[in-house]
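Letter by letter, the chains look like this.
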Amino acid sequence: MLKRWFAIAFSSALLLSAPGFAAGSDMFKGKTITYIVATSPGGGYDTYGRLIVRHLQKYLPGSRILVKNVAGAGNIIGANMIYAARPDGLTIGMFNTGLIYDQIIQRDGVKFDLTKFSWLGKAAEEPRVVLISK
């Protein structure tokens, strides 16, 4: 559990230290930022998203940050929505990084390219292992 909270704190610190996110920055003043969570409300990802948004709001005074839950297709719909958003910094979000497998197998409905996302941080650790045998 401690590792999970450390990961959240580290991700938040990384996100808030990015250019344009510095305290006192006017870049987002008067603007609405949409934070897409690619799951339904009430689960772990939703909790992470709302925790991060709470801190973003603190460090981006004058902005309005809305959490938008976009559930469906195992996070694919939400990831597609983040990917299709204008690259103006006003749409950010989170989804399960296991979507890498959906992209690799070219699953129907995948419109995103994970290599073209701008990554800010990660709220949890998830080791990935591939085993191959005869």
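These figures come from a predicted structure and were not determined experimentally.

1. Brief notes about the overall build of the protein chain
The number of helices and strands found in the protein chain is four helices and three strands. Listing the helices and strands of the protein chain from first to last along the sequence gives α-β-α-β-α-β-α. Residue burial in the protein chain is summarised as follows: out of 134 residues, 34% are buried. Here the analysis covers contacts within the protein chain between residues at least 6 apart in sequence; of these, 73% occur between residues at least 24 apart. Carbon together with sulfur atoms contributes 60% to the accessible area of the protein chain, which is approximately 8600 Å² in total.

2. Things to note about the side chain of N75
Considering the arrangement of structural elements, one finds N75 in the loop between strand 2 (64–69) and helix 3 (76–84). The exposure class of N75 is buried, given its relative accessible area of 11%. Within the local environment of N75, its side chain forms a polar contact with the backbone nitrogen of N96, the two atoms lying 2.8 Å apart. The contact partners of N75, leaving out residues within four places of it in the chain, are A38, T39, F95, N96 and L99.

3. Remarks on the pairing of strand 3 (residues 91–94)
Here strand 3 shows a clear split, with I92 and M94 buried on one side and none of T91 and G93 buried on the other. As judged from the four bridges shared by strand 1 (residues 32–37) and strand 3, these two strands associate in the parallel manner. Note that in strand 3 the partner of I36 across the bridge is G93.

4. Some remarks on the pattern of salt bridges
The final tally for this structure, using the stated rule, is three salt bridges. We note a salt bridge from K29 to D26, for which the minimum N-O separation is 3.7 Å. Here K29 and D26 have matching classes, each one exposed. With a shortest N-O distance of 2.4 Å, R107 and D102 are connected by a salt bridge. With a relative accessible area of 43%, R107 lands in the partly exposed category.

Reading the values: the criteria
- Counting starts from 1 at the beginning of each chain's written sequence and moves along it residue by residue.
- Owing to the predicted nature of the model, reporting of local features is limited to residues with pLDDT of at least 70; listing and counting of side-chain atom pairs is limited to 80 or more, with chain, interface and lining totals taken over all residues.
- Computation of side-chain values: all heavy atoms of the structure, hydrogens and water removed.
- For the purposes of this entry, the term helix denotes a DSSP run of H or I that reaches at least four residues, the term strand denotes a run of E that reaches at least two, and both are numbered from the N terminus.
- Partly exposed describes any residue whose relative accessible area lies between the buried limit of under 20% and the exposed limit of over 50%, with all areas from a 1.4 Å probe on protein chains only and scaled to the type maximum.
- Residue contacts follow a heavy-atom distance rule, with two residues in contact if any of their heavy atoms lie within 4.5 Å.
- Residue-level accessible areas treat just the shown protein chains as cover; the underlying method is Shrake-Rupley with a 1.4 Å probe.
- Polar contact is defined as a pair of N or O atoms within 3.5 Å, subject to the rule that within protein one atom must be able to donate a hydrogen and the other to accept it, and that residues adjacent in sequence are counted only when both atoms are side-chain atoms.
- In this analysis, strands are considered paired if DSSP registers two or more bridges between them.
- In the sections that follow, a salt bridge refers to a side-chain nitrogen of Lys or Arg positioned within 4 Å of a carboxyl oxygen of Asp or Glu.

Note that all results are geometric; they support no functional claim without further evidence.
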